[in-house]
Every structure is written in structure tokens, then in C-alpha cells.
Amino acid sequence: MFGQSDHIALNLLEDNSTLRRQFRLKRQWKQLSKCQRSVIYLVGLIFTLTSLYFISVDSKGTIITVENAPGFTEKSVTLGNIRNDPRDVVEIGVEGNNDNQVLEDPEGAQVNNKVDSEQVAEPPKNLIYFPDPSTPRQKAVVQAFKHAWKGYKEFAWGHDQLKPISKSYHDWFGLGLTIVDSLDTMYMMNLKDEYNDARNWVDKHLNFDVNRDVNLFEVTIRVLGGLLSIYHFTKDDMYLKKATDLADRLLPCFDSESGIPFSDINLFTRKAHAPRWSPDSSTSEVTTIQLEFRYLSWLTDNSKYENVVSKVSQLVHRLEKTDGLVPIFINANNGQFRAYATITLGARGDSYYEYLLKQWIQSEKTLEYLKNDYLSSVNGIELHLAKRTVPNGLLFLGELVGGTKDFKPKMDHLTCFMPGTLALGAHNGLPSSHMKLAEELLTTCYQTYAKQPTFLAPEITYFNFQGENSNDMYIKSNDAHNLLRPEFLESLWYMYQLTGNTTYQDWGWQIFQGFENFTKVVHGYTSIGNVKNTANVQPKDMMESFFLGETLKYLYLLFSDDRKLLDLDKFVINTEAHPFPIGRGNI
């Protein structure tokens, strides 16, 4: 065996051997020419850069565990976007332990759990991204959204609407309306965490096997519209699959004798019927589903969705009207308007007129009969519904009660969508006089806010047009509530984008301050019962889904320095503020 001295001697021999090898390498290196040395340096540099590249790529697809959204027990996959895009993190729910499971990311790319990260597919083309909020007013709206969302997530997650005062929820259809209605709002605001939570809930928990009646119109504009809009932005097939499933369940509504759809349907049994309280459907409801079903036909290359809604438009087109104005009820069995029904641009009539224009725009101005119907209706509005107040001559739109007999000087807040619609028509080549009408109506709608101490408009306003008193407008106690509605803000945004007049931004900011001062509560925002009394606004404990889906979205767009953040030359906006592309070639 070796002793300690033997080990020392052996180590010395090894050290001497190492020194001799190093000496030989130095001597050989010095014998190389400068050209040979340069080649060796270049090869080493290429090897180093190549190694760094593959290390970087490998880090892009690491599977990690993240904090789950409420109601989840699954892990999720985080995919770093290959490109430097605003959507730099996307979460995808994972079910089970199938190592070979194929996952679908919200931008449509598919990856396999066992595939190396170098093989992650590029995201699909034509995705739409939005910049971060850039103005202080935009950032204030984002904070309002986050406050409302926090309360919803804590007390109403997966339910239709938040009751922020009682810290509970209200289910109307049981379809998570607030989540689906808000998807594209969060996407526009670049609220990644909130969006990812919502996307995961839709993927795992939005189920249309719901054994309860739903309203065709409301589910179409909120749920179908919300899914289709976010699909257009993200190209995430999950949304399109959900939308198609929903639309298929809604189609039996159109199986009536006339082709006019029934108002309600059970999504589970797929049995449709008229409303429980009446044999008639609302005219606005059956004529405000066309944008959504037509767009779905374009996406799926299946004409059945467009065919049923186009038939409705054609049937209504052929019915007799009062200078283009329609009664607010129509029977699904005989296809006729209810005799002597009210004519109004408020509830049950409003969006009929809106979708005449917007269908024409969506079709790239090919559906001429709808444009003609719209032009006739504006003429009818000016002849029969437009009046001026005493003493200040404010232009307002009243109602015809009992068909064409009695004029009622009553205007719903819902009617304040009309200035934006008129301006959009003028922008698309319709008479310039429509823009003048839009500006005057916008001023009147603004006054319904500005005249109240809360700076919030009531649900219904009455106008003095015969000189019975010295006030231009007055409010009945039963109509003094505010439901956080978006219609006037919608019109402000249209007018701001189309004219560049920043006064409209200032008006919107005043209204936003009204929401902040009188509807904001600890766990969200609430409808109020009385806009006339700052000391007693009478909170109603309800935050409608459209507050996040429409009201805050329109405020966010209105406060952007980029007037075309959502370009009205490229998008047509459904009546629930969900954008769709104009023209089949732009899907």
C-alpha cells in the first residue's frame, strides 16, 4: 500500500505532467498563424451564442404552478408570449394528469405537455392588442373597474350580478353574465390577471345545460356577443366553440309560425315560448340580434345563423309603419305588430333603429333596404317625436301612446343612445342634418345629468313643451333612479371620436365623478333610487353586468388621447358594447 510520502510523490508527478501539457499547448498556440487563431476565436463565439439562444428559448415554456382563480383546484400553465406583446402572460386551466394532454392558449396556439419548449407554435396572426392606459382619466376608470371586479370576485364569482351592499349576488340566467360581459373590457384595459381568471372560468365553468328560461335578446347581446367579441380579439377557439353551442341552443326560438322569434327559451330542453306575461315579443328584442348571428355565420361558414335573423329583418321591413316608426310589441305567431302599441325610442323600441343602421354598416353597406328603413325612421322621428321645451328650446324625443293618437313628453335615458347613432350614420354618408340633430339631442341628454345635484341622470325625464311651468324638465319620484346605464356615455364616445371635440370628454368626466361620489360603495358600485337628493340617494344594492361591460368601457375609450383606440371605421359595436369587425373579409 502507498504511504503518505508515496502520495506526495505521485501528486508531484501529476502536477509536473499537467505543467508539461500546458507548456506544449502554449507552444502550439504560438506556432499558429494569426488567421488560424481568428478562425478558432470565431468558432468559439458562435458556439457560445448558440448555447445562450437555446437556454433563452427553453425558459419560455416552463410549466409552473400559479394561484388559482376562485372555484379552481387545477394547476395552470403559463406561456410567455414569443413576441413582445401586451398579452405577455396567459393562463390556461389544466384538468387531470394526462401527460399527453393538448392545451389551447387564449391566442389559439396549441401545445402538448410533453413537447419541448422550442416547438411551441407561434400565436395566430391578426390578433388585436391594446396599449396600456395612458391618461390620468383612463387610469381612474381602470381603478374603478378593479374596485368593482374585486367585490364581484369576492362575493359573486360565477354568478350573474353583484349585490355589493349585502355582499351577495343575483342570478338572472345563471350564466356568469358579469364575467362574460366584461371579457373584452378587461382585454382593452390590459388587466391581465383579471382577464386570465375570467377566461379560466369561462373555459371550465360556463355551461349552457341550464334548466331555466333565458331571454333570447339579453343572452344574445351579452353572452353570445361577449364571446364573439373576445374571440375576434384573441382568436381563442374556446370562445368560438362556446358561442356556437349557445347559438345552437337559441335557434329553436325562431321555430314560430311567422319566423318572428319567441322571446324566451330553456337552454337545456331547447323549448321556446312567448313571455309569461304576454303573447307578444318586444320589437327591439327580435330586431337586435342580427349583428351577432350574422357574425357567427361568417366565423363558422354556416349560413343557418344569419338566415334566421335576416328573415326577421325582412319580415319587419314589409310591415306597415308610421313614417318608419314601429310599435314596441310584435306577435311571434302571426308576425304582426300589436295594434295601438306605444311608439318610442325608449324601452322595447330603442335598438330596432340602432340595428337598422349597424347592420347596413356591418354588411359594408350592401343591405340597402335596411338603410332605407333607417332613413325613413329618422324622418318619422323628426315628424312625430321631436319637440322643443319651454322656455329654453331643448330638443327631446317623446312617445306616441296608443299608436299615433297621444303625444307624451317622456324620454327614457335609454333614448340617449340616439345621438351616437345619428352621428355614426352621418359619418357613413347619410344626411349631414343628422349630425345637427345628434348634437342637439346630446345637449339635452347632458342636461338630464347636469340638472341633478348628484350629476347623475334619472331613468326617465319628462319635458315641459306647452309652457305649463318655468322648468324645461321634471322628474317623477318613481323615475328618479339611476341604474349605472351607459347610453349617454356611448353617444359621448361616438361624438368625441367623430368630431374630436374634447368637451365631450369633460362631460364624461363629470358623470364619472357622479358615479364615484354617489354610487361607489365598499365592495363595488350600486344602482341608486334617487338622483335628486345627495343626502339620501337610496342605494339599491345591485351592480348590473353592463356597468363593467359597457359603462366603464365607454368611459375608458372616451378618455383616451387616441380617438380611434377602437376605430369606428373598422368595428361595428353591438348594443351591449361588444365590437365586431365590419365586413366578412375582416374576420
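This one's a predicted model, so the numbers in the text were calculated from it and none came from an experiment. (Residues numbered from 1 in each chain as written. Predicted model: local features only at pLDDT ≥ 70, side-chain atom pairs only at ≥ 80, totals over all residues. Heavy atoms only, no water.)

Within the protein, the regular secondary structure consists of 17 helices and 22 strands. Across the 587 residues that make up the protein, the buried fraction comes to 56%. Considering only residue pairs separated by 6 or more positions, the protein has 66% of its internal contacts joining residues 24 or more positions apart. (Helix = DSSP H or I, 4+ residues; strand = E, 2+ residues; numbered from the N terminus. Buried < 20%, exposed > 50% of the residue type's maximum accessible area, 1.4 Å probe, protein only. Contact = heavy atoms within 4.5 Å.)

Strand order in the open sheet formed by three strands is 7-8-9, with antiparallel pairing between adjacent strands. The strands lining the two open edges of the sheet, one partner per strand, are strand 7 (213–215) and strand 9 (272–273). Where strand 8 (residues 264–266) lies against strand 9, two bridges are found, and the strand directions are antiparallel. Paired with isoleucine 265 across the bridge in strand 9 is alanine 272. (Pairing = 2+ DSSP bridges.)

Through backbone hydrogen bonds, the strands of a sheet pair up, either in parallel or in antiparallel fashion. Strands sit in the order 16-17-18 across an open sheet of three strands; the sheet is antiparallel. Two strands bound the open sheet, and with one partner strand each, they are strand 16 (410–412) and strand 18 (473–474). Pairing analysis gives three bridges linking strand 16 to strand 17 (residues 460–463), with the strands arranged antiparallel. Paired with methionine 411 across the bridge in strand 17 is threonine 461.

So, on to the layout of surface pockets. Of the pockets and cavities examined, the largest pocket occupies roughly 760 Å³. Together, 37 residues line the largest pocket, and Phe217, Glu218, Glu285, Leu414 and Arg485 are the ones closest to its centre. In terms of residue count, the dominant contributor to the lining of the largest pocket is helix 6 (residues 216–234) (four residues). As for the second largest pocket, its lining consists of 17 residues, of which Glu320, Pro327, Arg338, Ala339 and Tyr340 are closest to the centre. (1 Å grid on protein atoms, 1.4 Å probe; cavity = no way out; pocket = protein on both sides within 12 Å on 5 of 7 lines; lining within 4 Å. Points joined across faces, edges and corners; volume = space filled by probe spheres on them.)

A separate point is empty space enclosed by the protein. A complete count under the given rule lists seven cavities of 30 Å³ or more for this structure. Every residue along the wall of the second largest cavity is listed here: Thr287, Ser313, Val316, His317, Tyr352, Tyr355, Leu356, Gln359, Leu370 and Asp373. Put simply, the parts of the chain that give the lining of the second largest cavity at least two residues each are helix 10 (304–318), helix 11 (350–362) and helix 12 (368–385). No other element matches helix 11, which puts four residues into the lining of the second largest cavity. Among the residues making up the lining of the second largest cavity, the classes are represented as five nonpolar, four polar and one charged. (Nonpolar A, V, L, I, M, F, W, Y, C, P; charged D, E, K, R; others polar.)

Of the consecutive residues valine 390 and proline 391, the connecting peptide bond is found in the cis state with omega at 15°. Its place among the elements puts proline 391 in the loop between strand 12 (386–388) and strand 13 (395–397). Positive phi, normally seen in glycine, also occurs at alanine 577, with a value near 70°. Relative to the elements of secondary structure, alanine 577 occurs in the loop between strand 21 (571–573) and strand 22 (579–581). Overall, the relative accessible area of 1% leaves alanine 577 in the buried class.

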